[in-house]
Amino acid sequence: MHIVVCIKQVPDSAQIRVHPVTNTIMRQGVPTIINPYDLFALEAALELRDKFGGEITVLTMGPPSAEDSLRKALTYGADRAVLLTDRFFAGADTLATTYALATAIRTIGSEYGAPDLVFTGKQTIDGDTAQVGPGVAKRLGLLQLTYVARISALDLKARTIDVERRSEGGVQVLRTRLPCLITMLEATNQIRRGAMADALRAARAPIVKWSAQDAGVEDISKCGLRGSPTIVKRVFAPSPRTEKAMLIEAGEQPAESLIDAIFSRQPKLEAELAMLARGY
């Protein structure tokens, strides 16, 4: 079994700052981390590899510094790491990113064996679009299972996988054929610390570095800024609220005190609720 896990190196959201004049994200001096959602995808892949055997290839697209995130993934136990790094990839939106990643996954398949599963996190903390996973699946012609909370069964002989997918109405239990792409939700597993042997191996392991040409990209116009129809007009921090929090003396009947305080601040709400209760 061969599993490909797509990860992304992102700025640490706890230390992101917005420039007061240009309203753009200030990346200088901000440490980078593996996108947290991608770690749950990696752990899910590692658990399957531990149970059924096989190999895990970790893939990312980014500047040369993204090698640090790949080595971190190797310390968790991934078998191989591939870095897409080329000036033609710079400025890519989700459409251009999915084109580059899908092309690289095809090349990974020809070099190391066709993947049975492709994992991504549900989204990234910098873009928050949740578009890359489904976009890669569409370009590769893979069945996709999004917002997966648990992988309940995998049958390599029958080439099927059963998952529990979180939805607005509850939990969906789904079965689909392999190969497929899965986007994992957060807090779906316990991310391992990684063994000392893997840490030592990761420090010495070669990182496979591909340019656009190495990855098999045939149309450069679909990559990077030229292949990105999305334009970010402005990034800004939300304005602080001018209204301060209200302290409510609950007393012996906290629920009643809270309801009275809400109705006193929003007098129309009580009448609207009364109308709803009467069926109007």
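The coordinates are above.
Quick caveat, the model's predicted, so the values are computed rather than measured.

1. Quick word on unusual backbone geometry
- The linkage connecting Leu 178 with the following residue, Pro 179, adopts the cis geometry, with an omega of 0°.
- Following the sequence through the fold, Pro 179 ends up in the loop between strand E11 (170-177) and strand E12 (180-184).
- The backbone phi angle of Ala 130 is positive, close to 60°, even though this residue is not glycine.
- Within the secondary structure layout, Ala 130 lies in the loop between strand E8 (117-121) and helix H4 (132-140).

2. A look at the packing of helix H2 (residues 67-76) against helix H5 (residues 196-204)
- It is the contact of H2 with H5, at a shortest axis distance of 7 Å, that shows an interaxial angle of 150°. Here H2 lies roughly antiparallel to H5, going by the angle between them. For the pair H2 and H5, the sense of crossing is right-handed. From H2, Arg 71, Leu 74, Thr 75 and Tyr 76 reach across to H5, where they touch Asp 198, Ala 199, Arg 201, Ala 202, Ala 203 and Arg 204.
- When grouped by side-chain class, the residues that make up the contact of H2 with H5 number five nonpolar, one polar and four charged.

3. Some words on the packing of aromatic side chains
- Counted according to the given criterion, the structure contains zero aromatic pairs.
- Over the aromatic face of Tyr 112 sits the side chain of Arg 80, whose NZ or CZ is 4.0 Å from the ring centroid.
- Above the face of the Phe 88 ring, Arg 87 is positioned so that its terminal group lies 4.4 Å from the ring centre.

The rules behind each value
Residues numbered from 1 in each chain as written. Predicted model: local features only at pLDDT ≥ 70, side-chain atom pairs only at ≥ 80, totals over all residues. Heavy atoms only, no water. Helix = DSSP H or I, 4+ residues; strand = E, 2+ residues; numbered from the N terminus. Axes fitted to C-alpha atoms, helices over the stretch in contact; angles between N-to-C directions. Parallel < 35°, antiparallel > 145°, perpendicular 65-115°, else oblique. Left-handed = near helix turned anticlockwise from the far one by under 90°. Contact = heavy atoms within 4.5 Å. Nonpolar A, V, L, I, M, F, W, Y, C, P; charged D, E, K, R; others polar. Phe/Tyr/Trp six-rings, centres within 6.5 Å; stacked < 30°, edge-to-face > 60°. Lys NZ or Arg CZ within 6 Å of the ring centre and 35° of its normal.

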